[in-house]
Amino acid sequence: SREDWAKWLKKAKTTVWLELQHYWVGSKLLWAEIRISTRLLVQLSGGKKLSRREQLQLRRTAGDIARLVPFIIIVIVPFMEFLLPVLLKVFPNMLPSTFQDKLKQEAELTKRLETRLRHAKGLKNALLEMVDELKSKRGEDIQKTAKNLDDFMTKVRTGQNIKNADILGFAKLFNDELTLDNISRPRLISMCKYMGLRPFGTDAYLRYTLRKKLAWIKSDDRLIRMEGIDSLSEPELRAACRERGMLVSLTPQEMKAQLSNWLDLSLDHSVPSSLLILSR
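A few points on the structure. All values derive from a computational prediction rather than experimental measurement.

Let's shift gears to the overall build of the protein chain. The number of helices and strands found in the protein chain is twelve helices and zero strands. The order of helices and strands in the protein chain, counted from the N terminus, is α-α-α-α-α-α-α-α-α-α-α-α. Taken over 280 residues, the protein chain has a buried fraction of 31%. Considering only contacts within the protein chain whose residues lie at least 6 apart along the sequence, 58% involve residues at least 24 apart.

So, on to the pattern of salt bridges. Oppositely charged side chains are able to pair whenever their charged atoms sit close together. Scanning all chains against the criterion turns up eleven salt bridges. Arg-244 serves as the salt-bridge partner of Asp-221, at 2.8 Å between the closest nitrogen and oxygen. Of this pair, Asp-221 sits in helix α9 (residues 203-227) while Arg-244 sits in the loop between α10 (234-243) and α11 (252-268), placing them 23 residues apart in sequence. Considered together, Asp-221 and Arg-244 belong to a single accessibility category, that of buried residues. Across the pair Asp-268 and Arg-225 runs a salt bridge whose closest N-O atoms are separated by 3.2 Å. Taken together, the positions of Asp-268 in helix α11 and Arg-225 in helix α9 put the pair 43 residues apart, joining distant regions of the chain.

For the rest of this paragraph, the subject is the side chain of Ser-37. Tracing the chain through its elements places Ser-37 in helix α1 (residues 2-45). Ignoring any residue separated from it by four or fewer positions in sequence, one finds Ser-37 in contact with Gln-57, Leu-58 and Thr-61.

It is worth spelling out the nonpolar core at this point. Core analysis: the largest hydrophobic core is formed by 31 residues, its most contacted members being Leu-180, Met-195, Leu-210, Ile-224, Leu-259, Trp-262 and Ile-277. At the level of elements, α8 (185-194), α9, α10, α11 and α12 (273-279) are the ones that each hand at least two residues to this core. Apart from the residues lying within four places of it in its own chain, the contact partners of Trp-262 are Ile-217, Asp-221, Arg-244, Met-246, Leu-276, Ile-277 and Arg-280.

Attention now moves to the packing of α1 against helix α2 (residues 52-76). Axis separation between α1 and α2 bottoms out at 9 Å; the angle between their running directions is 130°. When the axis of α1 is compared with that of α2, the two are oblique. Handedness of the crossing formed by α1 with α2: left-handed. Every residue of α2 that contacts α1 at Tyr-23, Leu-30, Glu-33, Ile-34, Ile-36, Ser-37, Leu-40, Leu-41 and Leu-44 is listed here: Glu-54, Gln-57, Leu-58, Arg-60, Thr-61, Asp-64, Ile-65, Leu-68 and Phe-71. Partitioned by chemical class, the residues of the contact of α1 with α2 number eleven nonpolar, three polar and four charged.

Below, the discussion takes up the packing of α10 against α11. At their nearest, the axes of α10 and α11 sit 10 Å apart, and the two run at 45° to each other. Viewed along their axes, α10 and α11 adopt a mutual orientation that is oblique. As for how α10 packs across α11, the hand of that crossing is left-handed. On the side of α10, the interface is formed by Glu-234, Leu-237, Arg-238, Ala-240 and Cys-241, while α11 contributes Pro-252, Met-255, Lys-256, Gln-258 and Leu-259. Grouping the constituent residues of the contact of α10 with α11 by class yields six nonpolar, one polar and three charged.

A word on the packing of aromatic side chains. Across all of its chains, the model carries two aromatic pairs by this definition. Between the aromatic rings of Trp-5 and Trp-8, the centroid separation amounts to 5.9 Å while the plane-to-plane angle is 80°, which identifies the pairing as edge-to-face. One end of the pair, Trp-5, and the other, Trp-8, are both in helix α1, three residues apart, so they sit about a helical turn from each other. Judged by relative accessible area, which is 53%, Trp-8 ranks as exposed. With a centroid separation of 6.4 Å and 40° between ring planes, the pair formed by Tyr-205 and Tyr-208 is classed as tilted. You can see Tyr-205 and its partner Tyr-208 sitting in helix α9, three residues apart, about one turn around the helix. Since its relative accessible area comes to 44%, Tyr-205 is described here as partly exposed. Residue classification places Tyr-208 among the partly exposed positions, given a relative accessible area of 47%.

Attention shifts here to α2. Here α2 spans 36 Å end to end across 25 residues, near enough to the 36 Å set by a 1.5 Å rise per residue. The largest bend in α2 amounts to roughly 30° and is located at Leu-68, with the proline Pro-70 lying one to four residues further along. When we look at burial in α2, the residues that qualify are Arg-52, Gln-57, Leu-58, Thr-61, Asp-64, Leu-68, Phe-71 and Ile-74.

Definitions and cut-offs
Residues numbered from 1 in each chain as written. Predicted model: local features only at pLDDT ≥ 70, side-chain atom pairs only at ≥ 80, totals over all residues. Heavy atoms only, no water. Helix = DSSP H or I, 4+ residues; strand = E, 2+ residues; numbered from the N terminus. Buried < 20%, exposed > 50% of the residue type's maximum accessible area, 1.4 Å probe, protein only. Contact = heavy atoms within 4.5 Å. Salt bridge = Lys/Arg side-chain N within 4 Å of Asp/Glu carboxyl O. Core = buried A, V, L, I, M, F, W, Y, C linked by side-chain atoms within 4.5 Å. Axes fitted to C-alpha atoms, helices over the stretch in contact; angles between N-to-C directions. Parallel < 35°, antiparallel > 145°, perpendicular 65-115°, else oblique. Left-handed = near helix turned anticlockwise from the far one by under 90°. Nonpolar A, V, L, I, M, F, W, Y, C, P; charged D, E, K, R; others polar. Phe/Tyr/Trp six-rings, centres within 6.5 Å; stacked < 30°, edge-to-face > 60°. Expected span 1.5 Å × (residues − 1). Bend = angle between axes of the 7 residues up to and from the residue.

By themselves, these observations are geometric and do not establish any function.
In structure tokens form, the structure reads like this:
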């Protein structure tokens, strides 16, 4: 009926207006971030050392500019903008961060958390299989290390408090038996998915991708230690914990405590990042 068409037209106009407003605000935010990052690049070229927050800003803006190229092509080519909703459904991270909706971002984080929990179970089963394999090996040192890991997994399953000393008890196992060079392809794929990386390519490429991610986390650990955990805002604290596979549904004090434990193991005891992430 005419009334139905009028309602539909009004709703369509409202939707189009809100979308235009959203992209206009996103464009202004992106332009502001580009100006800030340009100043940071000038300071960096002048020999100034950037803070962790400034480095993350520069990295985020560079990624946004790279994502902006296909977005501009879609807008310029006639009628291709009608494909934008479909492309965003298939490639949710195609838009620059300033254009992303907060509710959609939270939904994406929830989806990533569910994926991480699902693959965490697979990695836990892989660890239990490794414990059984090591128990059958000869040598008191290896069997003792396997027993430490078995006890640790029991504590995890029963929800007991995990201390750094418990992890250090079997850190040698990860240096010898669970280095990335020795992990099978199914375990490599599970670890990539757990870390939010795309598990495509050869085994060598998957190992390279994981090493690159773990090296970045180690470098970020040094920056956090240098500037102090208290310098992190609450969103930055949650993001840092999320990158390391730690719980974020905690109070800021609890998140600071678990991040402090992580830095102690990572920097003071040189525990491999692969062990730290899997121990989360």
